[in-house]
Amino acid sequence: LAKTTQPISMDSYEGQEVNITCSHNNIATNDYITWYQQFPSQGPRFIIQGYKTKVTNEVASLFIPADRKSSTLSLPRVSLSDTAVYYCLVGDMDSNYQLIWGAGTKLIIKP
Amino acid sequence: SQTIHQWPATLVQPVGSPLSLECTVEGTSNPNLYWYRQAAGRGLQLLFYSVGIGQISSEVPQNLSASRPQDRQFILSSKKLLLSDSGFYLCAWRWGSGNTIYFGEGSWLTVV
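None of the values given here were measured: they were computed from a predicted structure.

J.: I tried to follow the overall build of chain B on my own but got confused; where do I start?
T.: Summing up its helical and strand segments, chain B has zero helices and eleven strands in all. Mapped in sequence order, the helices and strands of chain B form the string β-β-β-β-β-β-β-β-β-β-β. In summary, chain B has a C-alpha radius of gyration of 13 Å against a globular reference of 13 Å for 112 residues, a match within 12%. In terms of overall dimensions, chain B has a C-alpha envelope of 40 × 30 × 20 Å along the principal axes. The proportion of buried residues among the 112 residues of chain B is 47%. Sequence-distant contacts in chain B: of pairs separated by 6 or more residues, those separated by 24 or more amount to 54%. Accessible area for chain B stands at about 5,200 Å²; split by element, carbon and sulfur atoms hold 54% of it. For chain B, the distance from the average position of its 7 positive side-chain charges to the average position of its 6 negative side-chain charges is 8 Å.

J.: In this structure, what is going on with the interface of chain B and chain A? I would like to understand it.
T.: Where the parts come together, the accessible area they lose is often given as the size of the interface. Every contact between the two is made by 24 residues of chain B and, on the other side, 18 residues of chain A. Counting the surface lost from both chain B and chain A, the interface buries some 1,600 Å², and carbon and sulfur atoms represent 50% of this. At the junction of chain B with chain A, the criterion picks out zero salt bridges. Along the contact surface separating chain B from chain A lie five residue pairs in polar contact (both at pLDDT 80 or more). Of all the elements in the fold, those that place two or more residues in the side of chain B that touches chain A are strand 4 (31–38), strand 5 (44–52) and strand 9 (87–95) of chain B. When its residues are assigned to classes, the side of chain B that touches chain A shows eleven nonpolar, nine polar and four charged.

J.: Before we go on, may I ask you to explain the pattern of salt bridges in this structure?
T.: In a structure, side chains of opposite charge can pair up when their charged atoms sit close to one another. Going through the model one piece at a time under the given rule, you end up with three salt bridges over all chains. The salt bridge involving Asp71 of chain B is made with Arg68 of chain B; its shortest N-O contact spans 3.3 Å.

J.: Before we go on, may I ask you to explain the state of the cysteines in this structure?
T.: Linking two cysteines covalently via their sulfur atoms produces the bond known as a disulfide. Across all of its chains, the model carries two disulfides over all chains by this definition. Note on cysteine connectivity: Cys22 of chain A is disulfide-linked to Cys88 of chain A, with sulfurs 2.2 Å apart. Around the S-S axis, the bridge from Cys22 of chain A to Cys88 of chain A shows a dihedral of about -80 degrees and counts as left-handed. Taken together, the residues Cys22 of chain A in strand 2 (residues 18–23) and Cys88 of chain A in strand 8 (residues 84–92) connect sequence positions 66 residues apart. Among the residues examined, Cys88 of chain A registers a relative accessible area of 1% and is labelled buried. At a sulfur-sulfur separation of 2.0 Å, the disulfide partner of Cys23 of chain B is Cys91 of chain B. In this structure, the disulfide formed by Cys23 of chain B and Cys91 of chain B twists by about -75 degrees around the S-S bond and is classed as left-handed. Taken together, the residues Cys23 of chain B in strand 3 (residues 19–26) and Cys91 of chain B in strand 9 connect sequence positions 68 residues apart.

So, how was this worked out
Residues numbered from 1 in each chain as written. Chains lettered and ligands numbered in written order. Predicted model: local features only at pLDDT ≥ 70, side-chain atom pairs only at ≥ 80, totals over all residues. Heavy atoms only, no water. Helix = DSSP H or I, 4+ residues; strand = E, 2+ residues; numbered from the N terminus. Rg over C-alpha atoms; globule rule 2.2 N^0.38 Å. Buried < 20%, exposed > 50% of the residue type's maximum accessible area, 1.4 Å probe, protein only. Contact = heavy atoms within 4.5 Å. Areas by Shrake-Rupley, 256 points an atom, 1.4 Å probe, with all protein chains shown as cover. Lys, Arg positive; Asp, Glu negative; His and termini not counted. Charge placed at Lys NZ, Arg CZ, Asp CG, Glu CD. Buried area = accessible area lost by both parts, 1.4 Å probe. Salt bridge = Lys/Arg side-chain N within 4 Å of Asp/Glu carboxyl O. Polar contact = N/O pair within 3.5 Å; in protein donor to acceptor, adjacent residues only side chain to side chain. Nonpolar A, V, L, I, M, F, W, Y, C, P; charged D, E, K, R; others polar. Disulfide = S-S within 2.5 Å.

Okay, here's the thing in structure tokens:
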């Protein structure tokens with residue numbers, strides 16, 4: 001099971017682009033990289049998922065280098081409502097989600 | 001569209017009392033179902049998962065049990081709660097080999 005390492009906390013300001021990097025040196029061939037967002041007292045919410053290169057959706061982009069040992073979640077033009085904990089997860093879709101959840105990155109957006 | 005509900009949202013129970021948290025999924029059939037627990041300021045810990053009715057796998061030894069009496073119903077139980085059972089409990093589902101897991105609203109359990 002691949003373990004991930006991400007910063008404990010980050011601060012930014014409204015309107016800025018925020019990049020959160022996650023390290024996963026032991027990622028396996030079948031592993032996907034998934035990012036979740038969690039607000040206090042709520043369940044995590046899926047943001048984006050990728051296997052390699054770049055993935056973009058309406059809320060974020062995910063950059064994955066060729067060696068896949070890290071990934072970067074990019075949030076364009078953040079707002080105060082983006083203040084949350086962000087989790088990076090690496091796992092094999094066939095493993096019934098035996099994923100290791102770290103403490104995530106607490107992102108605080110300031111006005 | 002698919003939705004997941006769990007209840008109750010909050011629960012305060014004395015030590016030694018029983019527990020029952022319920023979760024239901026709508027809009028899909030034969031989902032994989034999961035129970036997670038989250039301690040304050042920590043990541044999620046997988047407690048149980050189920051691939052079908054009556055099929056339960058436990059990830060960690062504990063004071064809790066799970067049951068799946070119907071296809072879209074998942075129940076977390078305990079006969080006698082411990083103080084250490086306090087936490088935020090999350091039900092989740094995934095369809096087949098789909099790549100995304102979806103979470104319910106969560107249930108706060110405080111054992112006093």
